[in-house]
Amino acid sequence: MKHVAVITTLFIIGAFLGFLNESMSGASIALNALLYSLIFIIGALVVLEVRSIEVIAFSLKLALMLAASTVIGSALGGIIVGALIEGSLKPYLAVALGMGWYTFTGPFLSITNNYWGLLGFTSNVLREAATFIIYPLLAKKFSIEAISIGGATTMDTTLPVIARYGGEKAALTALVHGFILTLLIPILIPLIMELL
Amino acid sequence: MLGVYLALALGALTSLLMKRVCRDVDRLRKSLNRALSINIYVLVTLVGLSAGSGVREALGVSGALFIHRLVVDVALLVAAPMTVSLLIAVAVLRLGGRL
């Protein structure tokens, strides 16, 4: 609980400081650099912990089922929101299927409509931010299932939190889960925009 | 994307080398976990900075009505997919007997 409180406080402080400053280009550069160092540490920790091929095979199987759950869940969530709000179902479904990958969803949807682009970016940034806070709370009881809330971010930005609170087995599952979703998102969103 | 895999592979490789050189693996694990915690704190602060900056930009571009619609849409689009995904994952993995 102490870590969750610290994380939430730091996020709020960061958001407040970000709100006061107009340009945060420095933050995104630092974010990238930090991300790579985190992935480096995760790679080292996974190797230290994973001792058998069985663990890897088990994580792969879990990750596939989890990725299917995340895609179906996100799509259903988008359909529910589209049904609740008057308007077209298509953009809500596309935004929901962004599954945390805001750097792709936002710019891609901006090509069609500026508002959808803004929605795609903001919703998916917040999905990532919410994962930082919600995953540690759920990790004790649902360390594997809760990976699905992070969507595609589980292979990079939220992976450290998953590794820290869910353990190395969860980290390995999260990495594969995020990888599968990262491959699927650039196929699913254009498909939704074209077909519906 | 390539950078992510490269960093991951480098981390794994370094760890393999350290396992051979370093005898006290527990100490190494503790140090890595500590570095991980510190990095998470900095990362969360930076994500907050970016989010706050983004909200400020959105407020500058549009009026209050637009912001109201955006807040409702975003709140629903964050909550619904996350909740339904989690429920399906629990149903499939736990009730399906995979965990």
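Note that the structure is predicted; figures quoted are calculated from it, not measured.

### Here we look at the overall build of chain B
Along the backbone of chain B there are three helices and zero strands. Within chain B, the fraction of its 99 residues that count as buried is 33%.

### Some thoughts on the overall build of chain A
The secondary structure content of chain A amounts to eight helices and zero strands. For chain A, the α and β elements follow one another from N to C terminus as α-α-α-α-α-α-α-α. The dimensions of chain A, computed from C-alpha atoms along their principal axes, are 50 × 40 × 25 Å. Relative to its full complement of 196 residues, chain A shows a buried share of 55%.

### Things to note about the interface of chain A and chain B
Residue-level contacts link 73 residues of chain A with 60 residues of chain B. Looking at the side of chain A that touches chain B, the elements with two or more residues in it are helix 1 (2-20), helix 2 (25-49), helix 3 (53-84), helix 4 (89-96), helix 6 (114-142) and helix 7 (159-166) of chain A. Among the elements that take part in the side of chain A that touches chain B, helix 2 of chain A stands out by supplying 18 residues, more than any other. Grouping the amino acids of the side of chain A that touches chain B by side-chain chemistry returns 52 nonpolar, 15 polar and six charged.

### Concerning helix 1 (residues 2-21) of chain B
Residue and element names in this part refer to chain B. Over its 20 residues, helix 1 extends 28 Å from the first C-alpha to the last, a length consistent with the 28 Å expected when each residue adds 1.5 Å. For helix 1, the set of buried residues is A7, L8, G11 and S15. For helix 1, the angular spread of the buried residues around the axis is 100°, confining them to a single face. Projecting away from the buried face of helix 1 at angles above 90 degrees are the exposed residues L2, G3, L17, R20 and V21.

### Here we look at the environment of A5 of chain A
Residues and elements named next belong to chain A. Checked against the element boundaries, A5 lands in helix 1. Look at A5 and you get exposed, because 11 C-beta atoms sit within 10 Å. The spacing of A5 and I133 is 128 residues in sequence and 8.6 Å in space, taken between C-alpha atoms.

### Examining the packing of helix 4 of chain A against helix 8 (residues 168-195) of chain A
Residue and element names in this part refer to chain A. Helix 8 packs onto helix 4 with a crossing angle of 175° between their chain directions and a minimal axis gap of 9 Å. Regarding the angle of helix 4 to helix 8, the classification is roughly antiparallel. Of the residues in helix 8, those in contact with K90, L93 and A94 of helix 4 are I189, I192 and M193. Residue composition of the contact of helix 4 with helix 8, grouped by class: five nonpolar, no polar and one charged.

### Some words on the nonpolar core
Among the nonpolar cores identified, the biggest contains 86 residues, and I42, I162 and A171 of chain A together with L77 of chain B are the most heavily contacted of them. For this core, the leading source of residues is helix 3 (residues 64-95) of chain B, giving 12 residues. The residues touching L77 of chain B, leaving out its near neighbours within four places in the chain, are V81, Y92, V95, A96, L119 and S123 of chain A.

### Observations regarding the environment of F142 of chain A
Summarising the element assignment, F142 of chain A is placed in helix 6. When the C-alpha positions of F142 of chain A and M155 of chain A are compared, they lie 18 Å apart, and in sequence the two are 13 residues distant.

### A look at unusual backbone geometry
For M99 of chain A, which is not glycine, the phi dihedral falls at a positive 45°. Structurally, M99 of chain A can be placed in the loop between helix 4 and helix 5 (102-112).

### A look at the confidence of the model for chain B
All names here are of chain B. In this model, chain B carries an average pLDDT of 82, and 89% of its residues clear a pLDDT of 70 or more. Between the elements of chain B, mean pLDDT differs from a low of 79, seen in helix 2 (residues 25-61), to a high of 88, seen in helix 3. Scored as a whole, the predicted complex attains pTM 0.74, and scored at its interfaces, ipTM 0.78.

### Some points on the packing of helix 6 of chain A against helix 7 of chain A
All names here are of chain A. Two elements in contact, helix 6 and helix 7, have axes whose closest approach is 9 Å; the angle formed by their N-to-C orientations is 20°. Classified by the interaxial angle, the pair formed by helix 6 and helix 7 is roughly parallel. Helix 6 and helix 7 meet at a crossing whose hand is right-handed. Residue-level contacts link F132, Y135, P136 and A139 of helix 6 to V161, I162, Y165 and G166 of helix 7. Of the residues belonging to the contact of helix 6 with helix 7, the class tally is seven nonpolar, one polar and no charged.

### Remarks on the environment of Y102 of chain A
Residue and element names in this part refer to chain A. For Y102, the position within the fold is in helix 5. C-alpha of Y102 to C-alpha of I42: the two residues are 60 residues apart in sequence and 22 Å apart in space. If near-sequence neighbours (up to four positions away) are discounted, Y102 is found in contact with G120, F121, N124 and V125.

Cut-off values and rules
- Residues numbered from 1 in each chain as written.
- Chains lettered and ligands numbered in written order.
- Predicted model: local features only at pLDDT ≥ 70, side-chain atom pairs only at ≥ 80, totals over all residues.
- Helix = DSSP H or I, 4+ residues; strand = E, 2+ residues; numbered from the N terminus.
- Buried ≥ 20, exposed ≤ 12 C-beta atoms within 10 Å, placed from the backbone.
- Contact = placed C-beta atoms within 7 Å.
- Nonpolar A, V, L, I, M, F, W, Y, C, P; charged D, E, K, R; others polar.
- Expected span 1.5 Å × (residues − 1).
- Arc of directions from axis to C-beta.
- Axes fitted to C-alpha atoms, helices over the stretch in contact; angles between N-to-C directions.
- Parallel < 35°, antiparallel > 145°, perpendicular 65-115°, else oblique.
- Core = buried A, V, L, I, M, F, W, Y, C linked by C-beta atoms within 7 Å.
- pLDDT = per-residue confidence, 0-100.
- Left-handed = near helix turned anticlockwise from the far one by under 90°.

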